Amino acid sequence: MSAAQRIDGKAEAARVLDSLRDDVERLREQGCAPCLAVVLVGDDPASDVYVRNKVLRARETGIESVEHRLPANTSEDTLLTLIAALNADPAVHGILVQMPLPAGLDEHAVIDAIAPAKDVDGFHPANVGQLVLGDATLAPCTPNGCLHLLRQVAGDLSGKHAVVVGRSNIVGKPMAALLLQANCSVTVVHSRSTNAAALCRQADIVVAAVGRPRLLDAGWIKPGAIVIDVGINRIEIDGQPKLVGDVDFDSVAPVAGAITPVPGGVGPMTIAFLMKNTIAAAVRQQAMRDAIAA
Ligand code: NAD
């Protein structure tokens, strides 16, 4: 029996998307149809599923979407030319290039090429800088979704000790920046940390973004802590494919105060916050056009 509150990211994401529909309606009334361009290079099956889900959610939310599917042998020049065209297209408000890119394409060069105002993933150095300064307009979707869930469960996060497990540019580092901005004391634990479990056991809040199936068991968790599991790991159990997180749910649930499941936790929040960023980008671009026209 699980003692922890199960944090329903799917239901919360549906609520966020519902509230965004009104924003889209208002924008459309002002003559602006928010539009997300999604670029997929290659045929990675997981990336294909992510892209299809993003396009589907965009449509359901009233956001226009355009898909650009390029073969795995696409040159960097071709990809950068497409990004330049999307940057210049006034009908496109958000640009998402699905990562990882096939070998031979430089992810940094591609991220750098996206106009910061259209960088709805929040990965461009200009947006990362704003995030660190505590002034993000386009914060990365996954950590922003995690922060939203934490606020739903715990309200004000001030003074709480948060441990982020993982220090990637797309999850761990921006998560730490957002928690710091929310007045938490933040510890980042990574592959070179000594005694990661003992550090984690001190936390009121644990965010696991490691990519190691069920790494965190009950021994990592202080009783009553809130546990957010970002991990999405595809493994086989009894010959059947299964999605599991970085947290061993069955071990941790009796100890934690609240915990996100995988699937149905952080994943849907990521897409909801991508839609939120697309609308925020559209609002800002529309305001700039109005200001120039005035
Ligand atoms: P990554 O591989 O870029 O980074 C993993 C991090 O974990 C590294 O910083 C590394 O130092 C740390 N690490 C590795 N082994 C460790 C250990 N034993 N102890 C402590 N730290 C350790 O991964 P990522 O891109 O941050 O993704 C992490 C996980 O989150 C993956 O499973 C990924 O699929 C998932 N993910 C989910 C979403 C979502 O929407 N739910 C979004 C992005 C990533």
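Residues numbered from 1 in each chain as written. Predicted model: local features only at pLDDT ≥ 70, side-chain atom pairs only at ≥ 80, totals over all residues. Heavy atoms only, no water.

## A few points about the packing of helix α1 (residues 9–29) against helix α10 (residues 266–293)
Packed helix pairs are specified by the crossing angle of their axes together with the interaxial distance, meaning the distance between the axes. Running from N to C, α1 and α10 cross one another at 15°; their axes reach a closest spacing of 8 Å. The orientation of α1 with respect to α10, classified from their angle, is roughly parallel. Seen along the crossing, α1 lies across α10 with a hand that is left-handed. Residues Gly9, Lys10, Glu12, Ala13, Val16, Leu17, Leu20, Asp23, Val24 and Leu27 of α1 touch α10, and the partners they reach there are Pro268, Met269, Ala272, Phe273, Met275, Lys276, Ile279, Ala282 and Val283. When grouped by side-chain class, the residues that make up the contact of α1 with α10 number 14 nonpolar, one polar and four charged. (Axes fitted to C-alpha atoms, helices over the stretch in contact; angles between N-to-C directions. Helix = DSSP H or I, 4+ residues; strand = E, 2+ residues; numbered from the N terminus. Parallel < 35°, antiparallel > 145°, perpendicular 65-115°, else oblique. Left-handed = near helix turned anticlockwise from the far one by under 90°. Contact = heavy atoms within 4.5 Å. Nonpolar A, V, L, I, M, F, W, Y, C, P; charged D, E, K, R; others polar.)

## Considerations on the side chain of Ser47
You can see Ser47 is positioned in helix α2 (residues 45–61). Excluding residues within four positions of it along the chain, Ser47 makes contact with Leu40, Gln98, Met99 and Pro100.

## Description of the site of the ligand
Taken together, 22 residues lie around the ligand, and Arg167, Ser168, Val230, Ile232 and Thr270 are the ones closest in. The backbone of Arg167 places a nitrogen or oxygen atom 2.8 Å from an oxygen atom of the ligand. In this structure, an oxygen atom belonging to the ligand sits 3.0 Å away from a main-chain N or O atom of Ile232. Contact with the protein chains hides 73% of the accessible area of the ligand, taken as 870 Å² for the molecule alone. Among the elements that take part in the shell around the ligand, α10 stands out by supplying three residues, more than any other. Split by residue class, the shell around the ligand holds nine nonpolar, 10 polar and three charged. (Near = heavy atom within 4 Å. Polar contact = N/O pair within 3.5 Å; in protein donor to acceptor, adjacent residues only side chain to side chain. Areas by Shrake-Rupley, 256 points an atom, 1.4 Å probe, with all protein chains shown as cover.)

## Digging into the pairing of strand β10 (residues 240–244)
Bridge count for strand β9 (residues 233–237) against β10 is five bridges, and the pairing is antiparallel. Across the sheet, the residue bridging to Arg234 is Leu243, located in β10. Hairpin connection from β9 to β10: two residues lie between these consecutive antiparallel strands, with Asp238 at a positive phi of about 50°. (Pairing = 2+ DSSP bridges.)

## Focus: the sheet that holds strand β1 (residues 5–6)
In spatial order, the strands read β1-β11-β8-β7-β5-β6; together these six strands make up an open sheet with parallel pairing. Lying at the two open borders of the sheet, with one neighbouring strand each, are β1 and β6 (185–189). When strand β5 (residues 161–165) meets β6, the two strands line up parallel, connected through five bridges. Looking at the pairing, Val163 lines up with Thr187 of β6. Seen against the sheet, helix α6 (residues 141–154) touches β1, β7 (205–208), β8 (226–229) and β11 (258–259) and runs at an angle of roughly 155° to β8. Contacts from helix α7 (residues 172–181) reach β5, β6 and β7 within the one sheet, and its direction differs from that of β5 by about 170°.

## Considerations on the pattern of salt bridges
A complete count under the given rule lists nine salt bridges for this structure. Residue Arg15 pairs with Glu12 through a salt bridge whose shortest N-O separation is 2.8 Å. Of this pair, Arg15 and Glu12 both sit in helix α1, three residues apart, which is roughly one turn of that helix. Judged by its relative accessible area of 8%, Glu12 is buried. Arg57 is the partner of Glu60 in a salt bridge, and the nearest nitrogen-oxygen pair spans 3.1 Å. Of this pair, Glu60 and Arg57 both sit in helix α2, three residues apart, which is roughly one turn of that helix. Residue class for Glu60 comes out partly exposed when judged on its relative accessible area of 40%. Counted as one network, the salt bridges with shared partners bring together Asp48, Arg52, Glu67 and Arg69. (Salt bridge = Lys/Arg side-chain N within 4 Å of Asp/Glu carboxyl O. Buried < 20%, exposed > 50% of the residue type's maximum accessible area, 1.4 Å probe, protein only.)

## What to know about the UniProt feature "domain: Tetrahydrofolate dehydrogenase/cyclohydrolase NAD(P)-binding" (unreviewed entry) in the protein
Residues given the UniProt feature "domain: Tetrahydrofolate dehydrogenase/cyclohydrolase NAD(P)-binding" (unreviewed entry) here are residues 140–285. Along residues 140–285 one finds 36% helix and 21% strand; the C-alpha atoms at either end are 19 Å apart. (UniProt positions renumbered as here; feature names shortened; annotations may be inferred.)

## A look at the sheet that holds strand β2 (residues 35–41)
Pairing within the open sheet is parallel, and its three strands lie in the order β3-β2-β4. Because the sheet does not close on itself, it has two edges, and the strands there are β3 (64–70) and β4 (94–97). On average, adjacent strands in this sheet sit at an angle of 15° to one another, irrespective of strand direction. Summarising the sheet, β2 and β3 pair through seven bridges and their orientation is parallel. If you follow Ala37 over to β3, its bridge partner there is Val66. Seen against the sheet, helix α3 (residues 76–88) touches β2, β3 and β4 and runs at an angle of roughly 180° to β2.

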